[in-house]
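As a plain string of letters, each chain reads:
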Amino acid sequence: MHPAPIDGEVLSSWLHRIAACYSTDLNLLGDDIGFTLGRSAPDDIDVAPPHGMIDVLTERTGVTPDRLRQMSVAGWVPWLLDTLEPVPDGFDTYTRQLSVLRPGGKQKTREVPWWRPWLLSPRLPSRACPDCVAATPSPQPYLLLWAIPIVSSCPVHGCWLEDTLAARGRFTVWEFDPPTPRPAPGHILTLDQRTHDAFAAGHVELPRRRVHAGIWFRLLRTIIDELSCPLSENRKAVSDLIRQIWAEAGYRARDGQSLWYPYEQQPEMVQRHTMEAAATAVMLLENSAITGSGSDAALFLPSPHSVISDGTPPPPPSPKIGERPSLRVAFNAAVEAARINHAEARTLFDLATYKRNGADDIHGVVNAFIELGIPLDFHHASSIANLCNTQNK
Ligand SMILES: [Zn+2]
């Protein structure tokens, strides 16, 4: 008998809870299923489980491989990260393809060796929601999102995440002295709710359009980059806008940092202030209090008023008898069909990614789908690991 994983739980937490049922620990449990785990076992497992571990766990517990993969960071490639291994131009590829506050294509190229989005090296942070922890019996589950500095609050309970003051997934200090939950402001909760939605549903609802989780993670990291870059790299109107956002957030521009470091290498407090500034930027864009110069800023504008139809799509132009449709007409018809039919969207996606193996290729197709207004929700979370496997073969 073993406890079932809860939604969003990280793999080491679930294994820790199983081990507790047998009065053993994570390393002994690892030995039992044929894996020698080291001192950094929780971090290793939660970033990427050892090869073969998922299959053994599925065999022993009956939990599907898809679900188990999503319990570690590796299961979120290529959406949260392009690749698990750092690549030389990874920073620019991830943070410079979209643009919100600054005009696109004008940024200084940055090479950041060993960079991976959102991940700290060598360990993951140890934060949790005091109310979520208080609501569960010991040993309390630990969520994957608490270990990634892409959220800073719990949208369910409306409070900031707090340092657990103990190894990740352990709450011994909190059992003696639980932290008092501190309410988080609305714009932070809105931002974090969207990131939760991206992980839970595979997409995020923005005012103008539903965007795929992979786009949401990059949009957010792009805004963070735009707020963090030296102001001298921007023309005056853009640097004034960035100063205004930081001031509205209540901090000095770039949180007073004189040297540039990527978000992932910033001190924890600077990270938190930067994420607050990003949430402020999104709030101001959505209130039309500021205007972004980037090509993706329009995603945060209110929905345009449009003529309400009865929902019947206009018929595609049909070729005359004996005339073959031109490639453009055929393409337009396929796009129209994919916009309203999940199966057609899936077919078009499979066609577009046929024999294209690289993360850049896949993101190119995802971007094209966004541009064309084709919903990507046929790729909901449960199929992400499958796609990843298929593409990596
Ligand atoms: Zn909570």
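Caption draft 1: Representation of the packing of aromatic side chains within the structure. On inspection of all chains with the given rule, the structure shows nine aromatic pairs. Arranged with centres 5.6 Å apart and planes meeting at 85 degrees, the rings of Phe 91 and Trp 260 form a pair that is edge-to-face. Taken together, the residues span a long stretch of sequence, with Phe 91 in helix H6 (residues 90-95) and Trp 260 in the loop between helix H11 (236-249) and helix H12 (268-286) at a distance of 169 residues. Accessibility classification places Phe 91 together with Trp 260 in one group, the buried group. Measuring from ring centre to ring centre gives 5.1 Å for Phe 199 and Phe 217, while their planes differ by 50 degrees; the resulting arrangement is tilted.

Caption draft 2: Region of the structure containing the nonpolar core. Within the largest apolar cluster, 90 residues are counted, with the highest numbers of intra-cluster contacts made by Leu 101, Trp 118, Trp 146, Ile 150, Trp 216, Phe 217 and Phe 300. For Trp 118, the residues in contact, after removing those within four places along its chain, are Leu 80, Tyr 94, Ile 148, Pro 149, Ile 150, Phe 217, Leu 220, Arg 221, Ile 224, Tyr 263, Glu 264 and Met 275. Trp 14, Ile 33, Phe 35 and Leu 37 belong to the second-largest nonpolar core, a separate cluster that totals 18 residues.

Caption draft 3: Examining the pattern of salt bridges more closely. Per the counting criterion, the structure on display carries 17 salt bridges. Across the pair Arg 168 and Asp 46 runs a salt bridge whose closest N-O atoms are separated by 2.7 Å. Of this pair, Arg 168 sits in the loop between strand E4 (162-163) and helix H8 (172-176) while Asp 46 sits in helix H3 (residues 41-47), placing them 122 residues apart in sequence. By relative accessible area, Arg 168 is classed as buried at 11%. The shortest N-O distance in the salt bridge between Lys 108 and Glu 233 comes to 4.0 Å.

Caption draft 4: Quick peek at helix H4 (residues 53-61). Met 53, Ile 54, Leu 57 and Thr 61 are the residues of H4 that are buried. Mapping the buried residues of H4 onto a view down its axis gives an arc of 95 degrees, with all of them on the same face. For H4, the exposed residues set more than 90 degrees away from the buried face come down to Asp 55 and Glu 59. Those residues of H4 that are buried lie in contact with helix H1 (11-21), H3 and helix H5 (65-69). Taken from the residues just after H4, Gly 62 is the one with a positive phi, measuring 80 degrees.

Caption draft 5: Expanded view of the environment of Arg 182. Note on placement: Arg 182 falls in the loop between H8 and helix H9 (186-201). With relative accessibility at 34%, the residue Arg 182 sits in the partly exposed group. Between the C-alpha atoms of Arg 182 and His 157, which are 25 residues apart in sequence, the distance is 9.9 Å. With residues near it in sequence (within four places) discarded, Arg 182 still touches Gly 158, Cys 159, Trp 160, Leu 161, Glu 162 and Arg 272.

Caption draft 6: Geometry of the environment of Ala 166. Tracing the backbone shows Ala 166 in the loop between E4 and H8. Sequence separation between Ala 166 and Ser 126 is 40 residues, and the spatial gap between their C-alpha atoms is 7.4 Å. Those residues in contact with Ala 166 that lie beyond four places of it in its chain are Ser 126, Thr 172 and Val 173.

Caption draft 7: Representation of the coordination of the zinc ion within the structure. Only Cys 129 (SG), Cys 132 (SG), Cys 154 (SG) and His 157 (ND1) from the protein coordinate the zinc ion, and they sit 2.1 to 2.3 Å from it. The coordination sphere of the zinc ion comprises four donor atoms, whose angles at the metal cover 103 to 114 degrees; the geometry is tetrahedral. Expressed as a motif, the donor residue spacing for the zinc ion is C-x2-C-x21-C-x2-H. Of this pair, Cys 132 sits in helix H7 (residues 130-134) while His 157 is found in the loop between strand E2 (153-154) and strand E3 (159-160), placing the two residues 25 residues apart along the sequence. Since its relative accessible area comes to 35%, His 157 is described here as partly exposed.

So, how was this worked out
Residues numbered from 1 in each chain as written. Predicted model: local features only at pLDDT ≥ 70, side-chain atom pairs only at ≥ 80, totals over all residues. Heavy atoms only, no water. Phe/Tyr/Trp six-rings, centres within 6.5 Å; stacked < 30°, edge-to-face > 60°. Helix = DSSP H or I, 4+ residues; strand = E, 2+ residues; numbered from the N terminus. Buried < 20%, exposed > 50% of the residue type's maximum accessible area, 1.4 Å probe, protein only. Core = buried A, V, L, I, M, F, W, Y, C linked by side-chain atoms within 4.5 Å. Contact = heavy atoms within 4.5 Å. Salt bridge = Lys/Arg side-chain N within 4 Å of Asp/Glu carboxyl O. Arc of directions from axis to C-beta. Donors = N, O, S within 2.8 Å, 3.2 Å for Na, K, Ca; no water. Tetrahedral: all angles 85-135°; square planar, octahedral: opposite > 155°, others 65-115°.

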